[in-house]
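Residues per chain are reported as follows:
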Amino acid sequence: MQIRHHPLRGSPPGTQRRISSFHYGAGQAKAYVQASLHADELPGMLVAHHLRQRLAQLEAEGQLLGEVVVVPVANPIGLGQSVLRRHEGRFDLASGENFNRHYPALTALVLPRLEGRLGQDAAANVALVRAAMRDAIAALPARDELAHQRQTLLGLACDADVVLDLHCDAEALPHLYTSPALWPQIEPLARLLGSRAQLLALESGDNPFDEACSQAWWQLAAEFEGRHPIPQACLSVTVELRGECDISHEQAQADAQALIGFLRLRGLVAGPAPELPPLLEEATPLSGTDVVSTPASGVLVYRRALGERVRAGEVVADVVDPLSGEVHTLASCTDGLLFAREAQRLAHAGRSVFKVAGAVPVRSGKLSTQ
Ligand SMILES: [Zn+2]
C-alpha cells in the first residue's frame, strides 16, 4: 500500500489542507473509491475504514489483481466547516456551492488533445483518452481551494475502470444513482448492497462527480461513431449508504464486504464470484422520483415510514403551523417507494422533505436536488 498526499492550493496562510489517497495493489485495472464528498455524510467514511483493512489483507495475500485507490476523506474543506456547533458539509460556506456539483466536463477538454491521434484499436484509444484526461485535468486552472479539491479528486478517479462515490441521504434506505447505460453492470452492486432504489439518469444536472467520471466515454463514443471505437471505459455510481445517522461497525463491515464482492466481479480481486442476493427493487428513472417540497414552514410530522409503498395522493407528512393551527398535508404525486426523508423536523417553506421512487417520469429538467 502506498499513501499519497495531495496538498490543496489556496489554503489560508498558516494552514494546509490535503487529499490523502491510499493505493492498494497494482496493475492495469483500477478502481477508485471515495467517501464523504458531502463531508457531513459519514457512513462512507466508516465503510472506507473497514474497506482499507480488507484491502490490506487481500494485498498481503496477493489477491489484488489491479489497483484500488481509496480516498476516505474526499472533502477536507467541508469537514472543517462548522457554524455555531453545527457541522456544514454539503455546501461550501465561502461560495455556497454544493460540493458534489460543477465538476469539469471532460469531453470538451479532451477533444482538442485527441485530434488525429485515435485509431481502430479500442484498447489503445482508451489509453489515449485516459492520458488526455489526466493531462487536461492537470492543466485546469485551480482558481481556489475548492476548485483544486475538485481537480485533485477527478484527477485521481478519471482513469479508473470503476468509480464508487460513497454518500448518504438524511434519513434513507440504501439507494444509488447511475446512468441507464451503466445499470446492467452496476446491478450486481445493487444486489450486494441490498439497494432499495436504483435511480437512473443520463444527466441529473450540474455535473456531479460520478457523471463527470463516466459521461465523457459515451459522449466521445458518439462523437467518433463509425470512425474510431471508444468503449465505455468507466463504470461510475453514487452509492447512498442510508441515512446520516446509520453508522455501525457491523453495517460498515457488511458494506465494505459488498464493495469487495463487486470488485471481485469486476476482476480487481481474485477468488470466486460472490453469490448475488436478489435485486430488491427494479431500477426506475430518476425523473420518476417525486421530490416533495413543503409549501409552508412549521413542524414536520411524518405519517409514513421509510420503506412504505405509497399511492399518488396519499398523505406522507404534515407540516403544522402551531400559531394558525393550519396543517398542510404533503403527498407524493406518484405511486412508489418512500425511500428518503428529511432529518430536521423544522420544515422550511420551499424545501424538499421526502422522496418517492416511482416508475413513471414525473419531473424533467434538472433532476438532482440541491
Ligand atoms: Zn451526498
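Residues numbered from 1 in each chain as written. Predicted model: local features only at pLDDT ≥ 70, side-chain atom pairs only at ≥ 80, totals over all residues. Heavy atoms only, no water.

Here we come to the sheet that holds strand β19 (residues 346-347). Sheet strands pair by backbone hydrogen bonding; their relative direction is either parallel or antiparallel. A sheet is described by the order of its strands in space; here four strands give the open sequence β17-β16-β14-β19, paired in antiparallel fashion. A single partner strand is all that each edge strand has here, and the edge strands are β17 (327-331) and β19. Judged from the five bridges that link them, strand β16 (residues 315-320) and β17 form a sheet pairing that is antiparallel. Residue pairing for β17: Ala317 is matched across the bridge by Leu330. (Pairing = 2+ DSSP bridges. Helix = DSSP H or I, 4+ residues; strand = E, 2+ residues; numbered from the N terminus.)

A few words on the sheet that holds strand β11 (residues 235-243). Across the sheet, which stays open at both edges, the nine strands sit in the order β1-β2-β4-β3-β7-β11-β9-β10-β12 with mixed pairing between neighbours. Either end of the sheet is taken by a strand with one partner, and the two such strands are β1 (2-7) and β12 (283-285). Put simply, the sheet's adjacent strands are angled 25 degrees from each other on average, direction ignored. Here four bridges tie strand β9 (residues 175-178) to strand β10 (residues 197-200), and the two strands are oriented parallel to one another. (Axes fitted to C-alpha atoms, helices over the stretch in contact; angles between N-to-C directions.)

This brings us to the packing of aromatic side chains. Within the structure shown, the criterion is met by two aromatic pairs. With centroids separated by 6.1 Å and ring planes inclined at 40 degrees, the aromatic side chains of Tyr32 and Phe209 adopt a geometry described as tilted. Placement of Tyr32 in strand β3 (residues 30-35) and of Phe209 in helix α7 (residues 209-223) is noted, with a sequence separation of 177 residues between them. A relative accessible area of 0% means that Phe209 is categorised as buried. (Phe/Tyr/Trp six-rings, centres within 6.5 Å; stacked < 30°, edge-to-face > 60°. Buried < 20%, exposed > 50% of the residue type's maximum accessible area, 1.4 Å probe, protein only.)

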